[in-house]
Amino acid sequence: MKKIALGVCSSISIYKACEIIRLFQSEGLGVRVIMTEKATRFIQPYLFTSLTGERTIVELFDDGQRPIEHISLVDEISLLLIAPATANIIAKMASGVADDFLSTFYLAVKCPVLVAPAMNEAMYLHPQTQENIKKLKALGVNFVEPESGYLACGKQGPGRLASPRTIVDHSLRLIRSREAFRGKVVLVTAGPTREFLDPVRFLSNPSSGKMGYELAREAFQLGAEVILVSGPTYFEPPAGVHLEKVTTAEEMKQAVLKHYPRADVVLMAAAVADFRFCGNFREKLRKQDIRPVLEVEPTPDILEELGRRKERQLLVGFAAETGELREKAAEKMTRKGVDLMVANDVSGQETGFASDDNEVLLIWPDGRSRKIPRMSKRKISQEIMKEIEVLLNERRRQI
Ligand code: PMT
């Protein structure tokens, strides 16, 4: 992977560029920063030079030493990201003005270009700015929409720079997108379900949702349309995914079945509660009214239902076990009709439920298996998606 050229313009949100650089670096990507002259009024170029380990570019002509750096840098980068992008740079790009390094560089690059606007809401909504954005989109330039909220000028509305995580996720989609996932719908479930006895008491499990959220993030970066059906979690949804929040197993089942006909791949990473109480009380029960033994009944098995209804979908199940991992997971794989089973041991604290890391055993119906040693759930999700890409490509060849 080549590096990212990060164009930085004069906006109060310029400080977020530091976090953007850090996130790219955590993905193993180098960054070269290009600042507009006005951006240097907010931050000294030296800050970005220190963060990236590479000289920050401001001037088109650097003391006459590197007169055509805007051409040589073109071959070193995979993406030109401009964040924050002002109304001025957007207008210059839309009309082809090349009067500084950044605007000149934009005309020279052949890689994808992503623009993350940040400005006052009136400037952003101004018909001229909107016209410029429309024109650039028609030319193939990609945009990360600004967020709505309180702006530095005291006004409220759209114009706040999108979050660094969102910008980086969109950037990575542009450079990591894979043919196998383009035009594909990936349905992911994540988190626990809660089965309530009354408004304050429920049956559940320790799933945090992290595994499912990382799978959804990865599927988006690989170019898929992603639908994330999530039980209660504290995580922000990954950029670009369509999120449906649910609470109970029955709600999760309804949401999953609604999207199932469109799905090409389903990843059931959710820890669906296996039981619910027989009876659900609207009012909080008094302690003395609760019997010491409560009756429960099974919740619907969503994955088993998907297995029965399967047409062209690629079904990926997860098995959370505390012993005899391979045997128990293989039995579930066969019973639920899945095409790939991801088995994880949930007996420890370091992996499985509510941890940053995981360690999994992948099992295929033809008897093959692959152990993925302990690593972050981000990396585990990348390994799982690589295997899904192989399965999708195999299917494509069979058609
Ligand atoms: O969320 P994290 O904190 O990151 O933790 C990740 C995880 C441990 C929850 C995840 O990696 C995982 O293993 N998810 C599946 C947990 C589980 O419910 O396993 P199971 O063996 O009970 O179920 C097997 C499969 O059937 C799962 O795909 C499950 O989603 C599905 N199932 C289970 C019960 C049910 N009623 N309906 C289902 O669809």
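Of all 6 residues that make up strand β8 (residues 185–190), 6 are buried, and the element is covered over most of its length. Side-chain alternation along β8 places Val185, Leu187 and Thr189 on one buried face and Val186, Val188 and Ala190 on a second face that is also buried. For β8 and strand β11 (residues 225–230), the ladder comprises 6 bridges, and the chain directions are parallel. For Thr189, the partnering residue across the bridge sits in β11 and is Val229. Sheet topology note: the β8/strand β13 (residues 265–268) ladder contains 4 bridges and is parallel.

This part covers the nonpolar core. Phe181, Leu215, Leu267, Phe318, Ile384 and Ile388 are the most contacted members of the largest nonpolar core, which totals 34 residues. Excluding anything up to four places from it in sequence, Phe318 contacts Met211, Leu215, Leu267, Met268, Ala269, Met341, Val342 and Ile384. Among the nonpolar cores identified, the runner-up in size contains 31 residues, and Ala5, Leu73, Phe105 and Cys111 belong to it.

A few words on the packing of helix α1 (residues 16–26) against helix α2 (residues 45–52). Close contact between α1 and α2 brings their axes to 10 Å; oriented N to C, the two are set at 15 degrees. Between α1 and α2, the interaxial angle falls into the category roughly parallel. Read as a crossing pair, α1 and α2 show a hand that is right-handed. Residue-level contacts link Ala17, Cys18, Ile21 and Gln25 of α1 to Leu47, Phe48, Leu51 and Thr52 of α2. Its residues placed into classes, the contact of α1 with α2 shows 6 nonpolar, 2 polar and no charged.

An order of β12-β11-β8-β13-β16-β17-β18-β19 is seen for the 8 strands of this open sheet, with the pairing classed as mixed. A single partner strand is all that each edge strand has here, and the edge strands are β12 (242–245) and β19 (369–376). Recorded for the sheet is a direction-independent mean angle of 15 degrees between the axes of neighbouring strands. Bridge count for β13 against strand β16 (residues 314–321) is 4 bridges, and the pairing is parallel. The residue bridging Met268 from the neighbouring strand is Gly317, located in β16. This element, helix α13 (residues 377–398), spans β13, β16, β17 (340–345), β18 (357–363) and β19 of the sheet and lies at about 150 degrees to β19.

Turning to the domain arrangement of the protein, a few remarks are in order. One can read the domain layout of the protein as domain 1 (3–175) and domain 2 (178–398). Relative placement of domain 1 and domain 2: their C-alpha centres are 37 Å apart. Taken together, both faces of the contact between domain 1 and domain 2 bury some 690 Å²; the carbon and sulfur share is 47%. The largest contributions to the domain 1 side of the interface with domain 2 come from Glu27, Asp169 and Arg173, which together make up 69% of the buried area. At the boundary of domain 1 and domain 2, one finds 2 salt bridges. Residues Glu27 and Arg378 are paired through a salt bridge, measuring 3.0 Å at the closest nitrogen-oxygen approach. Inspection of the domain 1/domain 2 interface yields 6 residue pairs in polar contact (both at pLDDT 80 or more).

Sheet architecture is open: 5 strands sit in the order β2-β1-β3-β4-β5, paired in parallel fashion. A strand with exactly one partner marks an edge of an open sheet, and here the two such strands are β2 (31–35) and β5 (142–143). As paired strands, strand β1 (residues 3–8) and β2 are joined by 5 bridges and run parallel to one another. By the bridge assignment for β2, Ala5 is matched with Arg32. On top of the sheet, α1 reaches β1, β2 and β3 (77–85); it is set at about 175 degrees to β1, its chief contact.

Now for the site of the ligand. Surveying the vicinity of the ligand reveals 29 residues, the closest of which are Ser207, Ser208, Lys332, Asn344 and Ala354. Within the backbone of Ala270, a nitrogen or oxygen atom sits 2.7 Å from an oxygen atom of the ligand. In the environment of the ligand, an oxygen atom lies 2.6 Å from a nitrogen or oxygen atom belonging to the backbone of Ala354. In isolation the ligand offers 770 Å² of accessible surface; the protein chains occlude 97% of this area. According to the grid-proximity analysis, the pocket containing the ligand is the largest pocket. When residues of the shell around the ligand are traced back to their parent elements, those giving at least two are α9 (210–221), α11 (302–309), β16 and α12 (325–336). Ranked by residues supplied to the shell around the ligand, first place goes to β16 with 5 residues.

About the criteria used
- Residue indices begin from 1 for each chain and proceed along its sequence in written order.
- In keeping with the model being predicted, local features are shown solely for residues with a pLDDT of at least 70 and side-chain atom pairs are shown and tallied solely at 80 or more, while totals for entire chains, interfaces and linings include all residues.
- Side-chain figures throughout are based on the complete set of non-hydrogen atoms in the structure, without hydrogens or water.
- Only protein chains enter the area calculation, which uses a 1.4 Å probe; residues under 20% of their type maximum are buried, those over 50% are exposed, and those in between are partly exposed.
- Counting from the N terminus, the helices are DSSP H or I runs at least four residues long and the strands are E runs at least two residues long.
- In short, DSSP must find at least two bridges between two strands for them to pair.
- Put simply, a nonpolar core is a bunch of buried Ala, Val, Leu, Ile, Met, Phe, Trp, Tyr and Cys residues held in one set by side-chain atoms that sit within 4.5 Å of each other.
- Between two residues, a contact is recorded if the distance between any of their heavy atoms is within 4.5 Å.
- Between N-to-C directions, angles cover 0 to 180 degrees, with each direction set by a line fitted to C-alpha atoms, over the stretch in contact for helices.
- Note on angle classes: values under 35 degrees are labelled roughly parallel, values over 145 roughly antiparallel, values of 65 to 115 roughly perpendicular, and the remainder oblique.
- Crossing handedness: left-handed means the near helix sits turned counterclockwise from the far one by under a right angle, and right-handed means the same turn made clockwise.
- Three categories are distinguished: nonpolar for Ala, Val, Leu, Ile, Met, Phe, Trp, Tyr, Cys and Pro, charged for Asp, Glu, Lys and Arg, and polar for the others, with Gly belonging to the last.
- Marked domain ranges trace back to an automatic or database domain assignment.
- Summed over both partners, the accessible surface that disappears when two parts come together, traced with a 1.4 Å probe, is what is meant by buried area.
- Here a salt bridge means any side-chain nitrogen of Lys or Arg lying within 4 Å of a carboxyl oxygen belonging to Asp or Glu.
- Polar contacts, as used here, are pairs of N or O atoms within 3.5 Å; protein pairs need one atom able to donate a hydrogen and one able to accept it. Residues neighboring in sequence count only if both atoms are side-chain atoms.
- Being near a molecule or strand, for a residue, comes down to having at least one heavy atom within 4 Å of it.
- Here the Shrake-Rupley method, with its probe set to 1.4 Å, supplies the accessible areas, and only the displayed protein chains count as covering residues.
- Only protein atoms enter the calculation, which uses a 1 Å grid: trapped sets of points that fit a 1.4 Å probe without letting it out are cavities, open sets showing protein on both sides within 12 Å along at least five of seven lines are pockets, and any residue with an atom within 4 Å of a point is a lining residue.
- Throughout, a molecule is located in a cavity or pocket provided that more than half of its atoms lie within 2 Å of its grid points.

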